Amino acid sequence: MNRKWYALVVLFVVVVAGSSVEAASVVAPGAKVEKLAGGFRFTEGPAADAKGNIFFSDIPNNRIHKWSLNPGAPGLSTFRENSGGSNGLFFDKKGNLLACEGGGRRLVSIDPQGNVTVLADKYQNKRFNSLNDLWIDPKGGIYFTDPRYGNRDDMTQDGEHVYYLSPDRKKIIRVINDMVRPNGVIGTPDGKLLYVADHGGKKTFAYKINSNGTLSNKKLFAPEGSDGMTIDNEGNIYLTTRVVAVYNKNGEKIETIKVPEGPANVSFGGPGKRTLFITARTSLYSVRMRVKAAEQEQTVTEQGFEQDIIKTSAGNLKIIFIGHGTLMFVFKGKVIHVDPVSRVADYTDMPKADLILLTHEHGDHLDTKVINILRKKGTQLILTKACASKISGGLVMQNGDVMIIQGLKIEAVPAYNIVHMRSGRTPYHPKGQGNGYVITFGDKRVYVAADTENTPEMKRLKNIDIAFLPMNLPYTMTPQMVADAAKAFEPKILYPYHYGQTDPNMLVNLLKRSKGIEVRIRRMR
């Protein structure tokens, strides 16, 4: 064999060998399906609360149970008696448990104290059939299925359909009317796709979600139906038939998880939501997973904040303009809060932080109550030495420091006053105490200046793609100072922020001849 053919054969072998490597299982290495509890009549509708505890229905026994992870009170308890034949369950962002009452033929919300509010019980003044499963989209709207199993004598609807309840809970629309018997439903975390199982038609379909909640672009996703469904952080869809069938986002079956009893529904829960809980006839099962729940990126649009999307070499950077000196960045699944304070937002509804950046110790920038709300396991707090005297557990950066934190390059830039002083000629922000930050997101360098004036250090900055410069008098810069600094270091996009009562349009006029600088005005509370 000549060298040319030998090289080709070797290449072929390498390619074939490489293509035969199996993808990693969705199940954690060595993990097995385990029975947690039994003795039920027909379990359904598992849903995890914020702590990972699992709630599930026992339909014939008319109960909702809780499987607790609390070390002080682990195991099984009854959350609700006389549950209206509850089937599918789902938690909203406020911690209320939403339930499809199959027997009660209504959609209800149950608060942590057990108080019940009816969200929907009729369509066009006719009672629903027997609500089965639901999913809450990122806007707070609710998709729910309404099949009928068993006796069909008292059906008032003209078929078995899928509905959408608007986020304000004022409007119900029918979004699917061509299925035999819809059952399981789940959506993608970005709110763009909805998967619906036609249990009666033995098929599962994917739909595009339109801005008004309607559905379009129906496509066959899997050649089998399902009872309940869920989705993981890799976009895999879990269907329940005789086994738990796992399909990737392309509609290819990649794995099956066998369960001692026929599974009816699935949901992720437990620590880090890395455990798959399976309701299967008379029992509740679980299995540790390599993957985890596909959690929605919590939207803040309901609070009225403006948002921009910036394309970077490593994916989109989302900027949320909150108020005063407060910003939020979302990048590659990480949430970065800058100077979060309660006066500008309700942080109980905001996403938890991977990083919190504090620029200085004043109360309108450092709010310990909010920081504690936003902290989760693994949250890193980046702050100044003065801030560290008021809140513990942070990493101090001094002026000029450069660090790589959670994969992001962060540079601390001095932030201080030169001109504006308190009585007695004391600067509002003395030199050496405050930090601005340059954060690198992919190929974009973002400068958040903090409370400062047009300092020499600011003017010497290089290659800044996006800059946030303060314009709140008398504590920071005049529009003229901002324009002076911008002309010196020439950011491609300039956002005036922390501008108080100053008219930001003044800056637009001052920089109208600086063609390399785009001034963007966004509303800041």
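Just above sits the structure.
Residues numbered from 1 in each chain as written. Predicted model: local features only at pLDDT ≥ 70, side-chain atom pairs only at ≥ 80, totals over all residues. Heavy atoms only, no water.

Caption draft 1: Looking closely at the nonpolar core. If you look at the biggest cluster of nonpolar residues, it comprises 53 residues, and the most contacted ones within it are Phe 329, Tyr 447, Phe 468, Leu 469 and Leu 494. For Phe 468, the contacting residues outside a window of four places in its chain are Ile 319, Phe 321, Leu 327, Phe 329, Val 446, Tyr 447, Val 448, Ala 449, Tyr 495 and Tyr 497. In terms of nonpolar packing, the next biggest core, distinct from the first, is built from 28 residues, Tyr 164, Val 196, Ala 206 and Ala 245 among them. (Core = buried A, V, L, I, M, F, W, Y, C linked by side-chain atoms within 4.5 Å. Buried < 20%, exposed > 50% of the residue type's maximum accessible area, 1.4 Å probe, protein only. Contact = heavy atoms within 4.5 Å.)

Caption draft 2: Expanded view of the sheet that holds strand S4 (residues 63-68). Taken in spatial order, the four strands of this open sheet run S2-S3-S4-S5, and their pairing is antiparallel. In the strand order of this sheet, the two ends are held by strand S2 (43-48) and strand S5 (75-81), each with one partner. Across the sheet, the mean angle from the axis of one strand to that of its neighbour is 25°, orientation sign disregarded. (Pairing = 2+ DSSP bridges. Helix = DSSP H or I, 4+ residues; strand = E, 2+ residues; numbered from the N terminus. Axes fitted to C-alpha atoms, helices over the stretch in contact; angles between N-to-C directions.)

Caption draft 3: Layout of the pattern of salt bridges. Applying the stated criterion across every chain yields a total of 21 salt bridges. For the salt bridge of Arg 152 with Glu 160, the shortest nitrogen-to-oxygen distance reads 2.4 Å. Of the residues examined, Glu 160 reaches a relative accessible area of 5% and is grouped as buried. Between Arg 181 and Glu 160 there is a salt bridge whose closest N-O contact spans 2.8 Å. Within this pair, whereas Arg 181 is found in the loop between strand S15 (172-176) and strand S16 (182-187), its partner Glu 160 is found in the loop between strand S13 (142-146) and strand S14 (161-165), the two being separated by 21 residues in sequence. (Salt bridge = Lys/Arg side-chain N within 4 Å of Asp/Glu carboxyl O.)

Caption draft 4: Representation of the packing of aromatic side chains in the model. Within this structure, the stated rule accounts for 21 aromatic pairs. Ring geometry for Phe 221 and Tyr 247: centres 5.9 Å apart, planes at 50°, overall tilted. A residue pair is termed long-range when its members are at least 10 positions apart, and Phe 221 in strand S19 (residues 215-222) and Tyr 247 in strand S22 (residues 244-247) qualify at 26 residues. Across the pair, Tyr 247 and Phe 221 agree in class, each one buried. Three or more aromatic residues joined by ring pairs form one cluster here, namely Phe 321, Phe 329, Phe 331, Phe 441, Phe 468, Tyr 495 and Tyr 497. Here Arg 181 stacks its cationic end above the ring of Tyr 149, 5.4 Å away from the centre of that ring. It is Lys 218 that lies over the ring of Phe 205; its NZ or CZ is 4.3 Å from the centre. (Phe/Tyr/Trp six-rings, centres within 6.5 Å; stacked < 30°, edge-to-face > 60°. Lys NZ or Arg CZ within 6 Å of the ring centre and 35° of its normal.)

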